[in-house]
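# Structural overview
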Amino acid sequence: MKLKTILKLTSGAFAGLLLATVQSANAFTACQVTDVGGVDDKSFNETAWKGVKDAVAKHGVDSKLLESKDGTDYEPHLNSMVSAGCDIIIAVGFLMGEATQKAAEANPDSKFTIIDFAYDPTVPNILGQIFATDQAAFLAGYVSAGVSKTGIVGTFGGINIPPVTGFMDGFAWGVAHYNKIKGKNVQVLGWDPAAKEGLFTNNFDSLDDGRAFAQNLYDEGADIVMPVAGPVGLGSASLADELGSDKLKIIGVDGDWTTTDPARKDVYLTSVLKNMDVTTLSVIEMAKSGDFSGGLTVGTLENGGVGIAPYHELSSSVSSELASEVEALRKGIISGSIKMN
Amino acid sequence: MKIALKIRQTFSVDKATFLDVFIIPILATSLAITVGLLLLLLSGESYQTALRALISLFVGSFGSVSALSETLTASTPLIFAALGIAIGFRAGLFNIGAEGQIIIGGLAAVIVGFSVELPILLHLTIVLFIGAAFGAGYAFISGWLKAFTGAHEVITTIMLNLIAFRLLDFFLRLPFIQKEGRNDPISKSVLETAELPRLLSFIDPNLRIHAGFLLAVLAVVLVYWIIFHTTIGFEFRTVGTNIHAAKYAGVNSSLAVILAMSAAGLCAGLAGASQISGVLGRATSGFSAGIGFDAIAVALLGRAHPIGVLFSGILFGALVAGGREMQVSAGVSLDLITVIQALIIIFIAAPILIKRIFPWFFPKT
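As the structure is a computational prediction, the values presented were derived from the model and not from experiment.

Reading the values: the criteria
Residues numbered from 1 in each chain as written. Chains lettered and ligands numbered in written order. Predicted model: local features only at pLDDT ≥ 70, side-chain atom pairs only at ≥ 80, totals over all residues. Heavy atoms only, no water. Helix = DSSP H or I, 4+ residues; strand = E, 2+ residues; numbered from the N terminus. Rg over C-alpha atoms; globule rule 2.2 N^0.38 Å. Buried < 20%, exposed > 50% of the residue type's maximum accessible area, 1.4 Å probe, protein only. Domains from an automatic or database assignment. Buried area = accessible area lost by both parts, 1.4 Å probe. Salt bridge = Lys/Arg side-chain N within 4 Å of Asp/Glu carboxyl O. Nonpolar A, V, L, I, M, F, W, Y, C, P; charged D, E, K, R; others polar. pLDDT = per-residue confidence, 0-100. Contact = heavy atoms within 4.5 Å. Expected span 1.5 Å × (residues − 1). Axes fitted to C-alpha atoms, helices over the stretch in contact; angles between N-to-C directions. Left-handed = near helix turned anticlockwise from the far one by under 90°. 1 Å grid on protein atoms, 1.4 Å probe; cavity = no way out; pocket = protein on both sides within 12 Å on 5 of 7 lines; lining within 4 Å. Points joined across faces, edges and corners; volume = space filled by probe spheres on them.

### Re the overall build of chain B
In terms of regular secondary structure, chain B is built from 15 helices and 0 strands. Computed over C-alpha atoms, the radius of gyration of chain B comes to 21 Å, within 12% of the 21 Å expected from 2.2 N^0.38 for 365 residues, which places it in the range of a compact globule. Principal axes of the C-alpha set define a box for chain B whose edges measure 60 × 60 × 35 Å. Buried residues in chain B amount to 53% of all 365 residues.

Structure (structure tokens):
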């Protein structure tokens, strides 16, 4: 008898708790599935997650998060979010493209948005968010070419996919533009925009690789490196931190690394901003107000979807002349008077 | 204890094996989950969060049809690979190479899966067969090295894993294999005729459980029969217990080592092929997803007994599926699951600890 009473009581408590979980689903819920690298990567996933956190703070929506450990997690994670009754599901990253399409087609009533993937033809319940990061990286490449003392700058990527190589293209073109205008010969190591070949760690999570790749580029003479591999770049930053920023400077990507990684703020010359938080927030707002429709949004320098961060601690190494040239370039790219390649 | 007797009778195991294969793993798992939740509390989470985490761990793994489907889907490759590792353990071999064998088996399977056009059942059979054969062949290298040069299988399998990772990256970029229009390592998709049928898609297309799970159960029975009821199984166990005695008794120990290692690779290759045909449909550079390493834990938890492997495989699958639900509804990081898995291994590796903590389950000696 006694055992039965205890069982009843505990099952009652469990049911109560379950009910509490279910009840919170009545409000609007924004759900994010991150790519590998983790939500605390100070870069790609973290910037996207900030958009959801902003929506929570601004509109009081509920949020749910699932971190992918491997590429094999995408499909079940997205399915979990569908069954959790999410009102908008945010898939972070190009590599989730096919899994998101599959989930969207199997669940036509759910709304999805994906970062870095453009569907052709578009899927009615997926809004793709892509970013003209080459425009912003072009500016970063130009600054780097102007700041570099060795006349050699470097970059490397995570995986050879368009959202990564977009950064590297822009960076290399920016350096080339500097060479053309100034009649200099600053070299770019790690990426050949014509051949679409270069240095890749083939992962988005090994900080050791980030360190080793930056070391290789440094050994080849590069004094500024732009790692385009999410948290992998933090390994490069720790090398720069040990060497000192006069020997090696780092250009952050996705977020402003001076603010996301303040412990090593001295090494960041600037960051190529991909403001996924802003676009993600606006997609959540669209879904909440019922304006959501599938298709594509493109973040550019013009609409503020991409940009470069202030020079912060290293602003003394960027001459005021160089800084104003960069500003002029920015306007030139927006107006279309400057062709990047 | 009545239930215990019934289980023992059903699987016809003696009392010592029963304690070993069922009671110790159950206690170790409960203890690991308890300690994991205590760590959660220590890290500053409220007890409501911890309780909700515990509930969602169960709800997400066994609480609904879709939860059960996810549990069994995740457990399928673990059971296959862990069976292989269990065979290795029985023959005294510590096979760290399941990950590499999964990769090679899966890679071979995906190539046959998209490049050959065959009728439906035949294609699938050949894909699975090729996956198993390549897994076995890859493990054969370690077995041969062990038997004829004495090179330790732990070293050779670890090295072969690293080679498999790079081989996969290399092959996935060959134009013949790489998906059209992509620059990153990703293969073409296998044809529909090479897919393992999904068992419950008539209820809901999101239910991923596929026929591979049935094959895994079949493999459990088969491996059980081989290990305990055939001559070669007896030779494996003899070599595993004492290789010198086995030689003296007339067992061809070199052959036994090579065969055991190849059988282990065969199971791992099947794990890779079933992932490709049943779940993923194509290979990417991380498609093995650490299954080969988790399988070592599964084999340890299952005490290298096929029935134990079946249950511990399902348990690890449940942790994967339940962990997902835990992060979704309790907001607790998936990393807690890794901690719980590690704790299970610690407690399994120290059965004496378990016996001290729960003395009333074990007969006094």
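### Let's talk about unusual backbone geometry
For the peptide bond that leads from Asp-120 of chain A to Pro-121 of chain A, omega is 0 degrees, which places it in the cis range. Structurally, Pro-121 of chain A can be placed in the loop between strand S4 (112-115) and strand S5 (126-131). Unlike most non-glycine residues, His-312 of chain A shows phi in positive territory, near 45 degrees. Relative to the helices and strands, His-312 of chain A resides in the loop between strand S14 (306-308) and helix H11 (320-335). Of note in this structure, Ala-304 of chain B is not a glycine but carries a positive phi near 55 degrees. The residue Ala-304 of chain B is located in the loop between helix H12 (291-301) and helix H13 (306-330) in this model.

### Remarks on the domain arrangement of chain A
Residues and elements named next belong to chain A. On domain assignment, one finds that chain A holds domain 1 (27-131 + 277-299) and domain 2 (133-273 + 311-335). One C-alpha centre belongs to domain 1, the other to domain 2; they are set 28 Å apart. Counting the surface lost from both domain 1 and domain 2, the interface buries some 1100 Å², and carbon and sulfur atoms represent 67% of this. The largest per-residue losses of area from domain 1 upon contact with domain 2 belong to Lys-42, Ser-43 and Phe-94, which jointly make up 42% of the total buried on that side. Where domain 1 touches domain 2, the interface holds 0 salt bridges. The residue inventory of the side of domain 1 that touches domain 2, partitioned by class, reads 5 nonpolar, 3 polar and 3 charged.

### A word on the confidence of the model for chain A
Residues and elements named next belong to chain A. Mean pLDDT for chain A: 90, with 92% of residues reaching 70 or above. Mean pLDDT values for the elements of chain A range from 51 in helix H1 (residues 2-23) up to 97 in strand S10 (residues 224-228). Within the model, pLDDT remains below 50 along residues 19-23, and this stretch shows 3 contacts once partners closer than five positions in the same chain are excluded.

### Structural notes on the interface of chain A and chain B
With 29 residues of chain A at the contact, the number on the chain B side is 28 residues. In total, about 2600 Å² of surface goes out of reach between chain A and chain B, with carbon and sulfur atoms giving 54% of it. The element best represented in the side of chain A that touches chain B is helix H3 (residues 74-83) of chain A, accounting for 6 residues. Looking at the side of chain A that touches chain B residue by residue, the class counts come to 14 nonpolar, 8 polar and 7 charged.

### Regarding helix H7 (residues 153-171) of chain B
All names here are of chain B. Over its 19 residues, H7 extends 26 Å from the first C-alpha to the last, a length consistent with the 27 Å expected when each residue adds 1.5 Å. All of the buried residues along H7 are Glu-153, Thr-156, Thr-157, Leu-160, Asn-161, Ala-164, Leu-168 and Asp-169. Of the surrounding elements, those touching the buried residues of H7 are helix H5 (98-115), helix H6 (120-149), helix H11 (253-280) and H12.

### So, the environment of Ser-236 of chain A
Residues and elements named next belong to chain A. On the secondary structure map, Ser-236 appears in helix H8 (residues 232-243). Sequence spacing of Ser-236 and Gly-210 is 26 residues, and the spatial spacing of their C-alpha atoms is 4.8 Å. Setting aside anything within four residues of it in sequence, one finds Ser-236 in contact with Phe-156, Gly-210, Arg-211, Ala-214, Pro-227 and Ile-250.

### Quick word on the packing of H3 of chain A against helix H4 (residues 97-106) of chain A
All names here are of chain A. Across the interface, H3 lies against H4 with an axial gap of 9 Å and an inter-helix angle of 35 degrees. As H3 packs across H4, the resulting crossing turns out to be right-handed. Residues Tyr-74, Glu-75, Leu-78 and Asn-79 of H3 pack against Ala-99, Thr-100, Lys-102 and Ala-103 of H4. In terms of residue class, the contact of H3 with H4 is built from 4 nonpolar, 2 polar and 2 charged.

### Overview of the side chain of Asn-206 of chain B
Note that Asn-206 of chain B resides in the loop between H7 and helix H8 (212-229). In contact with Asn-206 of chain B, not counting residues within four places along its chain, are Asn-79, Ala-106 and Asn-107 of chain A.

### Some points on empty space enclosed by the protein
Residues and elements named next belong to chain A. All told, the structure shown has 1 cavity of 30 Å³ or more when counted by the stated rule. Approximately 220 Å³ is the volume found for the largest cavity. Taken together, 21 residues form the lining of the largest cavity, with Phe-44, Asp-116, Val-164, Phe-204 and Asp-254 sitting closest to its centre. At the level of secondary structure, the elements contributing two or more residues to the lining of the largest cavity comprise helix H2 (44-59), helix H6 (162-182) and strand S11 (249-254). When residues in the lining of the largest cavity are grouped by element, the largest group, 3 residues, is from H6. Here the lining of the largest cavity is built from residues that sort into 13 nonpolar, 3 polar and 5 charged. Each of two domains, domain 1 (27-131 + 277-299) and domain 2 (133-273 + 311-335), supplies a minimum of three residues to the lining of the largest cavity.

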